[in-house]
Amino acid sequence: MPKCNARDDWFFKDDMQGYKVSDWGRKTDCSSEIFCSICICTVDVKKGFQSLTQHAATKKHKQNSHIKLNIKQLTLTTSTNTCLLDYLIT
């Protein structure tokens with residue numbers, strides 16, 4: 001079977017869990033592999049996009065992607081409303 005090279009349009013497609021491949025997949029120096037930042041491994045794409053869908057369907061990837069891609073992070077913001085601060089200072 002001839003080797004398949006990773007295609008740019010694959011990164012815009014959704015995996016079986018609804019995540020974009022670009023959320024977890026990265027190109028490598030080898031054109032026939034994609035690095036999975038969720039599982040910290042490379043995926044050989046010799047079967048084309050099917051290789052990525054098969055990898056995304058593994059138990060390890062499903063569990064890790066649920067943890068790593070569904071993080072709701074708290075963010076701090078500043079307010080321009082200083083009325084309370086002015087009141088406390090005076």
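Structure's up top.
What comes next concerns the included structure. (Residues numbered from 1 in each chain as written. Predicted model: local features only at pLDDT ≥ 70, side-chain atom pairs only at ≥ 80, totals over all residues. Heavy atoms only, no water.)

**Quick word on the packing of aromatic side chains**
Now for step 1: In this structure the tally under the stated criterion is one aromatic pair.
Now for step 2: Sitting over the ring of F49, K13 keeps its end group 4.8 Å from the ring centre. (Phe/Tyr/Trp six-rings, centres within 6.5 Å; stacked < 30°, edge-to-face > 60°. Lys NZ or Arg CZ within 6 Å of the ring centre and 35° of its normal.)

**Describing unusual backbone geometry**
Backbone geometry follows two general trends: most residues other than glycine have a negative phi, and most peptide bonds adopt the trans configuration.
Now for step 1: Of note in this structure, I40 is not a glycine but carries a positive phi near 55°.
Now for step 2: In this fold, I40 is placed in the loop between strand 2 (33-36) and strand 3 (41-44).
Now for step 3: Of the residues examined, I40 reaches a relative accessible area of 57% and is grouped as exposed. (Helix = DSSP H or I, 4+ residues; strand = E, 2+ residues; numbered from the N terminus. Buried < 20%, exposed > 50% of the residue type's maximum accessible area, 1.4 Å probe, protein only.)

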